[in-house]
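This is what each chain is made of:
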Amino acid sequence: MNSLHNNFMLFDLKDAETPRSLMNALIATGMNHSAHRQESLRFIFSALILELPNLITHKSINFADSSSDDLLPVLKYIESNFATTTLSDVSSVFRYNTNYLGNKIKTNTGKTFNELIERRRLSAAQNLMLKTNLNLTEISETIGYQNSSSLFRLFKKYLKTTPSEYKRRVHPKVPKYISNQINSKKLKNP
């Protein structure tokens, strides 16, 4: 096939501990010949895919109208405050009508406010499972849920598995040298 592709993305991983650890875990798991290798690879890769958008420092969004450029600060705010914020809170901070902001987010991202929050919570939960020994109740509380049944529903919805199964599959699969490196550093942002 002689086609030339000029489409690519660059991600700066030098200060991104979690994606680097996930890449290392992906490589180590890929070299492992366990019976659950494929499923483990899928889980680790899904965690990596959820982490990479967090590394985008500048994003050009091709919105239908030029007045939509002011959505990027809103999305960054949601990203930073996912565990506690509501659409009403964000609307108040940025002085938007709640319905208008909800529609603006959906139109420009293809996702509802709740979907953005859920995806960020899922990413944070996956990171906590990979990087810490917190139990599911502690993880649920850290990402903004009052109980672990919400975490269960989140994992079933997006990963088609339970949090316990996910944690069992990815946590022990991390090679010892990566686990030691992860545990020796303080958790910065889930």
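Positions within a chain are numbered from 1, following the residues in the order the chain's sequence is written. Whole-chain, interface and lining totals are the exception, using all residues; otherwise, since this is a predicted model, local features are given only for residues with pLDDT of at least 70 and side-chain atom pairs are given and counted only at 80 or more. For side-chain calculations, the full set of non-hydrogen atoms in the structure is used, while hydrogens and water are omitted.

### Things to note about the packing of aromatic side chains
Part 1 of the argument: Pairing of aromatic side chains here covers Phe, Tyr and the six-membered ring of Trp, requires ring centres within 6.5 Å, and sorts the geometry by plane angle: under 30 degrees stacked, over 60 edge-to-face, intermediate tilted. Under the definition given, this model contains 4 aromatic pairs.
Part 2 of the argument: When the ring of Phe43 is compared with that of Tyr166, the centres are 5.1 Å apart and the planes differ by 75 degrees; the resulting orientation is edge-to-face. One end of the pair, Phe43, is in helix H2 (residues 37-51); the other, Tyr166, is in helix H9 (residues 163-170), with 123 residues separating them in the sequence.
Part 3 of the argument: Buried residues are those whose accessible area, probed at 1.4 Å on protein chains only, stays under 20% of the maximum for their type, while exposed residues exceed 50% and partly exposed ones sit between those limits. Phe43 sits in the buried class, given a relative accessible area of 1%.
Part 4 of the argument: Each member of the aromatic cluster is reached from another via a ring pair, and the members are Phe43, Phe155 and Tyr166.
Part 5 of the argument: Charge-over-ring placement is defined geometrically: NZ (Lys) or CZ (Arg) within 6 Å of the ring centre, and within 35 degrees of the ring normal. Between the NZ or CZ atom of Arg42 and the centre of the ring of Phe43, over which it lies, the distance is 4.9 Å.
Part 6 of the argument: One cation-aromatic arrangement involves Arg121 over Tyr145; the distance from NZ or CZ to the ring centre is 4.6 Å. Runs of H or I in DSSP of at least four residues are treated as helices and runs of E of at least two as strands, each being numbered from the N terminus.

### A short note on the nonpolar core
One recurring pattern in soluble globular proteins is that nonpolar side chains are buried together.
Part 1 of the argument: Counting residues in each nonpolar core, the largest one holds 37 residues, and the members touching the most others are Ile105 and Leu151.
Part 2 of the argument: Residue assignment for this core shows that the elements contributing at least two residues are helix H1 (17-31), H2, helix H3 (71-80), helix H4 (87-94), helix H5 (98-109), helix H6 (113-131), helix H8 (148-159) and H9.
Part 3 of the argument: Whether two residues are in contact is decided by their heavy atoms: any pair within 4.5 Å suffices. With near-sequence residues (within four places) excluded, Ile105 lies in contact with Leu71, Val74, Ile78, Leu87, Gly110, Lys111, Thr112, Phe113 and Leu116. We define the nonpolar core as a collection of buried residues of types Ala, Val, Leu, Ile, Met, Phe, Trp, Tyr and Cys that are connected through side-chain atoms lying within 4.5 Å of one another.

### Considerations on the packing of H1 against H6
Geometrically, a packed helix pair is captured by the angle between its two axes and the distance between the axes.
Part 1 of the argument: With axes taken as lines fitted to C-alpha atoms, and helix axes fitted only over the stretch in contact, angles between N-to-C directions fall between 0 and 180 degrees. Between H1 and H6, the least distance of the axes is 11 Å, while the angle of their chain directions is 65 degrees. The two elements H1 and H6 cross, and the hand of that crossing is left-handed. Counting all contacts with H1, which are made through Glu17, Thr18 and Leu22, the residues of H6 involved are Asn127, Leu130 and Lys131.
Part 2 of the argument: Of the residues contributing to the contact of H1 with H6, the split by class is 2 nonpolar, 2 polar and 2 charged. Each helix crossing is assigned a hand: it is left-handed if the near helix lies turned anticlockwise from the far helix by less than a right angle, otherwise right-handed if that turn is clockwise. We call Asp, Glu, Lys and Arg charged. Ala, Val, Leu, Ile, Met, Phe, Trp, Tyr, Cys and Pro are nonpolar, and the rest, Gly among them, are polar.

### Quick look at the confidence of the model for the protein
Part 1 of the argument: In predicted models, pLDDT denotes the confidence assigned by the predictor to each residue on a 0 to 100 scale. Averaged over all residues, the pLDDT of the protein equals 78, while 75% of them reach at least 70.
Part 2 of the argument: Within the model, the stretch residues 58-68 combines pLDDT values under 50 with 9 contacts to residues more than four positions away or in other chains.

### Section: the packing of H1 against H2
Part 1 of the argument: One can describe the packing of H1 onto H2 by two numbers: an axis separation of 9 Å at closest approach and a directional angle of 160 degrees. Taken together, the axes of H1 and H2 lie roughly antiparallel to each other. As for the relative orientation of H1 and H2, their crossing is left-handed in sense. Contacts between H1 and H2 involve Thr18, Pro19, Leu22, Met23, Ala25, Leu26, Thr29 and Gly30 from the former and Arg37, Ser40, Leu41, Ile44, Phe45, Ala47, Leu48 and Glu51 from the latter.
Part 2 of the argument: Considering only residue class, the contact of H1 with H2 consists of 10 nonpolar, 4 polar and 2 charged. Working definition: roughly parallel below 35 degrees, roughly antiparallel above 145 degrees, roughly perpendicular at 65 to 115 degrees, and oblique for all remaining angles.

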